[in-house]
Amino acid sequence: MELLRSIGHPEEVYALLKYKIGGCHTTVAKCDYDKMSDNLKTCYEFLKLTSRSFAAVIQALDGELRDAVCLFYLVLRALDTVEDDMSLPNEVKIPMLKDFYSYLENPQWKFMESTEKDKIVLEQFPVISAEFRKLSPIYKEAISDVTKRMGHGMTVYLDKAPDTLQQWDEYCHYVAGLVGIGLSRLFAASKLESEEVGKDDKLANSMGLFLQKTNIIRDYLEDVQQNRHFWPKQAWGKYGTGQGDLLKPGNQQYAMACLNELVTNALHHVPDVLVYLGRLQNQSVFNFCAIPQVMAIATLERCYNNPNIFTGVVKIRKGEAVKMMLQATSLDSVKAIMTHFTLKIKERVSPDDPTAPATSAVIDRCLRLSQTDTVYASQSERFFPLYISCGILLSAIVWQYYTGLYSIMGPYLEDEK
Ligand code: D61
Ligand code: MG
């Protein structure tokens with residue numbers, strides 16, 4: 001099915017086939033399940049059940065870092081499952097979020113009342129916390145510290161949507177920037193990356209903000225339908241619209257202006273992302289960090305000036321995702337991908353858009369910082385002759401098949417009538 005969706009993009013068909021046939025080994029699965037305890041294997045099962053975006057890249061990490069990141073993910077997924085649960089009253093939720101880090105040291109703690117799709121990580125929390133306690137202290141401290149700070153931060157925004165753009169940054173810092181900060185500490189602790197990577201909280205924060213803002217922009221409709229509001233009032237309020245009002249047909253122009261302002265805001269994180277990625281030395285860490293970022297820039301490009309944000313789901317094709325994933329293995333190819341998508345946004349900036357000058361300015365900065373000789377073109381031209389030949393060959397086979405079949409079956413078919 002995914003193959004059909006990419007049929008107009010031969011290079012994606014190629015990427016999908018390459019990935020299916022085994023190209024995925026470069027980016028996924030270095031796990032040796034035979035050497036793992038059953039308990040840890042179960043944790044990796046939880047990872048695959050709860051993360052479509054991160055399971056593959058986490059499993060491809062080198063050495064002991066892989067288990068630390070897997071457990072970091074599961075602990076925060078459990079915390080986020082508490083945050084997201086709209087059926088929990090705040091009297092229950094607030095103390096749980098604040099105390100969550102202490103549950104890591106409590107072998108019995110679990111929570112059976114969640115109604116969320118990822119409730120398994122709360123119901124089976126003892127499986128996760130047992131593995132957490134086996135990590136070396138340096139990993140445990142980083143994970144516990146981030147869990148404590150994130151849980152506290154989540155309580156600040158439980159009933160409050162972010163008003164100002166500064167509060168938007170603050171909310172995103174709590175739920176995603178802190179993930180970037182914690183991950184960077186784990187990278188440095190593993191010695192796969194330098195101490196510098198573990199200390200630069202500003203760059204690490206930007207890695208998370210770029211991903212989280214992209215998700216918030218893309219998921220506007222779904223979130224509003226569930227009565228969750230993550231778009232900052234500073235962006236939509238100046239049009240006199242109310243919370244969630246961007247969905248009303250009469251507000252389409254405001255909605256588009258607001259959307260483009262937030263995409264522009266998110267693009268400001270791209271320079272930090274490039275500097276961060278430029279400091280990485282280990283290939284598995286690089287892939288783990290770069291792949292989500294290139295997915296995000298592709299998603300932002302798709303969202304920019306796209307009215308479908310307010311009526312349905314806007315996503316990138318699996319073929320596009322796989323093509324980028326196979327490519328995003330060096331700083332130069334990441335720069336090429338960034339250039340490709342920022343140029344695509346640049347082409348669509350309309351002079352009527354109130355944010356147009358700011359959008360053009362940030363795009364030009366991104367383009368300057370992404371300069372490289374590497375290209376990420378659609379590469380259709382390269383594949384075109386091959387694609388045509390395959391097409392002709394396929395038609396010939398199909399034609400042969402039908403005429404051949406008909407010459408044998410024809411008489412019988414006619415008798416059937
Ligand atoms: C390098 C590589 C991966 C990075 C990174 C740097 C920096 C930050 C992040 C990943 C975090 C990005 C978060 C983007 C996805 N957003 C969510 O999942 C929202 O929940 C946020 C709180 C829980 C975060 C859990 C998490 C996520 C990814 C990880 C990780 C922990 C640990 C290690 C690796 C990756 C979002 O969830 C709802 C949904 O999308 O279903 C929400 O509730 O807003
Ligand atoms: Mg959440």
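Right above here is the structure, for reference.
Residues numbered from 1 in each chain as written. Chains lettered and ligands numbered in written order. Predicted model: local features only at pLDDT ≥ 70, side-chain atom pairs only at ≥ 80, totals over all residues. Heavy atoms only, no water.

S.K.: I would appreciate a short explanation of the overall build of the protein chain in the present structure.
M.R.: Regarding its fold elements, the protein chain presents 21 helices and zero strands. Computed over its C-alpha atoms, the radius of gyration of the protein chain comes to 24 Å, within 12% of the 22 Å expected for a compact globule of 417 residues. With the C-alpha coordinates of the protein chain rotated into their principal frame, the extents come out at 80 × 60 × 50 Å. Partitioning the contacts of the protein chain with sequence separation of at least 6, the portion at a separation of at least 24 is 74%. For the protein chain, the accessible surface area stands at approximately 20200 Å², while carbon and sulfur atoms represent 56% of it. One way to put it: in the protein chain the 45 positive side-chain charges average out to a point 2 Å from where the 51 negative ones average out. (Helix = DSSP H or I, 4+ residues; strand = E, 2+ residues; numbered from the N terminus. Rg over C-alpha atoms; globule rule 2.2 N^0.38 Å. Contact = heavy atoms within 4.5 Å. Areas by Shrake-Rupley, 256 points an atom, 1.4 Å probe, with all protein chains shown as cover. Lys, Arg positive; Asp, Glu negative; His and termini not counted. Charge placed at Lys NZ, Arg CZ, Asp CG, Glu CD.)

S.K.: I'm lost on the site of ligand 1 in this one. Help?
M.R.: Around ligand 1 lies a shell of 19 residues, among which R77, D80, D84, V175 and Q212 are the nearest. Here an oxygen atom of ligand 1 and a side-chain polar atom of D84 are 3.3 Å apart. Within the contact set of ligand 1, a nitrogen atom lies 2.9 Å away from a side-chain nitrogen or oxygen of Q212. Expressed as a share of its isolated accessible area of 810 Å², the protein-covered part of ligand 1 is 89%. When residues of the shell around ligand 1 are traced back to their parent elements, those giving at least two are α5 (63-84), α10 (165-189), α12 (201-218) and α17 (283-303). (Near = heavy atom within 4 Å. Polar contact = N/O pair within 3.5 Å; in protein donor to acceptor, adjacent residues only side chain to side chain.)

S.K.: What's the story with a nonpolar patch on the surface in this structure? I'm lost.
M.R.: On the surface, M1, L4 and I7 cluster together into a nonpolar patch covering about 360 Å² of accessible area. Looking at the secondary structure, you find M1 in the segment before α1 (2-5). By relative accessible area, M1 is classed as exposed at 71%. (Patch = residues over 30% accessible without salt bridge, like charges linked within 9 Å, V, L, I, M, F, W, Y side chains within 5 Å. Salt bridge = Lys/Arg side-chain N within 4 Å of Asp/Glu carboxyl O. Buried < 20%, exposed > 50% of the residue type's maximum accessible area, 1.4 Å probe, protein only.)

S.K.: Could you clarify how one ought to interpret the side chain of T155 in this entry?
M.R.: Residue placement: T155 occurs in helix α9 (residues 137-156). One polar contact links the side chain of T155 to the main-chain carbonyl oxygen of H152, over a distance of 2.6 Å.

S.K.: What is the right way to look at the nonpolar core in this model?
M.R.: By size, the foremost hydrophobic cluster in this structure holds 123 residues, and its most contacted members are F100, I217, W231, Y276 and L277. Here L277 is in contact with M207, F286, C289, A290, L331 and V334, once residues within four sequence places are set aside. (Core = buried A, V, L, I, M, F, W, Y, C linked by side-chain atoms within 4.5 Å.)

S.K.: How should I be thinking about the packing of α5 against helix α6 (residues 90-103) in this particular structure?
M.R.: The geometry of a pair of packed helices is captured by two quantities: the angle between their axes and the separation between those axes. The contact between α5 and α6 brings their axes to 10 Å, and the two run at 165°. Looking at the two axes, α5 sits roughly antiparallel to α6. α6 is crossed by α5, and the crossing has left-handed handedness. Contact residues: V75, A78, L79, V82, E83 and D84 in α5; K93, M96, L97 and F100 in α6. (Axes fitted to C-alpha atoms, helices over the stretch in contact; angles between N-to-C directions. Parallel < 35°, antiparallel > 145°, perpendicular 65-115°, else oblique. Left-handed = near helix turned anticlockwise from the far one by under 90°.)

S.K.: Help me out: how do you make sense of α12 in this one?
M.R.: At 3.6 residues per turn, the α-helix brings residues three or four places apart onto the same side. An ideal rise of 1.5 Å per residue puts 26 Å on 18 residues; α12 measures up with 26 Å between its terminal C-alpha atoms. Among the 18 residues that make up α12, 13 are buried, leaving the element largely enclosed by the rest of the structure. (Expected span 1.5 Å × (residues − 1).)

S.K.: Explain the coordination of the magnesium ion (ligand 2) here, please?
M.R.: Between any two of four tetrahedral donors, the ideal angle at the metal is 109.5 degrees; between two of six octahedral donors, it is 90 or 180 degrees. Here the magnesium ion (ligand 2) is held by the protein donor atoms D80 (OD), E83 (OE) and D84 (OD), which lie 2.0 to 2.2 Å from it. In the primary structure, the donors to the magnesium ion (ligand 2) are separated according to the pattern D-x2-E-D. (Donors = N, O, S within 2.8 Å, 3.2 Å for Na, K, Ca; no water.)

S.K.: Which parts of the structure should I look at to understand the side chain of E131?
M.R.: Relative to the helices and strands, E131 resides in helix α8 (residues 125-134). Polar side-chain contacts of E131 include one of 3.1 Å to the side chain of N39. Residues in contact with E131, not counting those within four places in the same chain, are S37, N39, L40, C43 and L71.

S.K.: Honestly, the state of the cysteines in this entry has me stumped. Any pointers?
M.R.: One way to say it: the disulfide is the covalent bond shared by the sulfur atoms of two cysteines. One pass over the structure, following the stated rule, counts zero disulfides. Distance from the sulfur of C70, which forms no disulfide, to the nearest cysteine sulfur (C43) is 6.1 Å. With a relative accessible area of 0%, C70 lands in the buried category. (Disulfide = S-S within 2.5 Å.)

S.K.: I keep staring at the pattern of salt bridges and nothing clicks. Help me out?
M.R.: Side chains that differ in sign of charge can pair as their charged atoms come close. Under the counting rule described, the total for this entry stands at 24 salt bridges. Measuring nitrogen to oxygen at the nearest pair gives 3.3 Å for the salt bridge that ties E195 to K199. Pair noted here: E195 and K199 are both in helix α11 (residues 195-199), with a separation of four residues, about one helical turn. According to the relative accessible area criterion, E195 is exposed, its value standing at 58%. Note that E301 is salt-bridged to R348, the shortest N-O span being 2.6 Å. In this pair, E301 is assigned in helix α17 and R348 in helix α19 (residues 331-348), connecting sequence segments 47 residues apart. Residue classification places E301 among the buried positions, given a relative accessible area of 4%. A network of salt bridges, in which partner residues are shared, links E12, R302, R317 and E320.

S.K.: Whenever I open this one, the environment of D373 confuses me. Can you help?
M.R.: One can find D373 in the loop between α20 (356-369) and α21 (380-416). For D373, a relative accessible area of 79% gives the class exposed.

S.K.: Mind showing me how you'd approach the packing of aromatic side chains here?
M.R.: Each aromatic ring pair is described using two quantities: the centre-to-centre distance and the angle formed by the ring planes. In total, this model carries 15 aromatic pairs according to the counting rule given. With 6.1 Å between their ring centres and 90° between their planes, Y33 and Y44 make a pair best called edge-to-face. With a gap of eleven residues between them, Y33 in the loop between α2 (10-21) and α3 (38-50) and Y44 in helix α3 connect regions that are remote in the sequence. Given a relative accessible area of 0%, Y44 falls into the buried group. Members of the aromatic cluster, each reached through a chain of ring pairs, are F100, Y103, W109 and F125. The cationic tip of K160 hangs over the ring face of Y157; the distance from NZ or CZ to the ring centre is 5.0 Å. Just above the ring of Y376 sits the side chain of K323; from NZ or CZ to the centre is 4.2 Å. (Phe/Tyr/Trp six-rings, centres within 6.5 Å; stacked < 30°, edge-to-face > 60°. Lys NZ or Arg CZ within 6 Å of the ring centre and 35° of its normal.)

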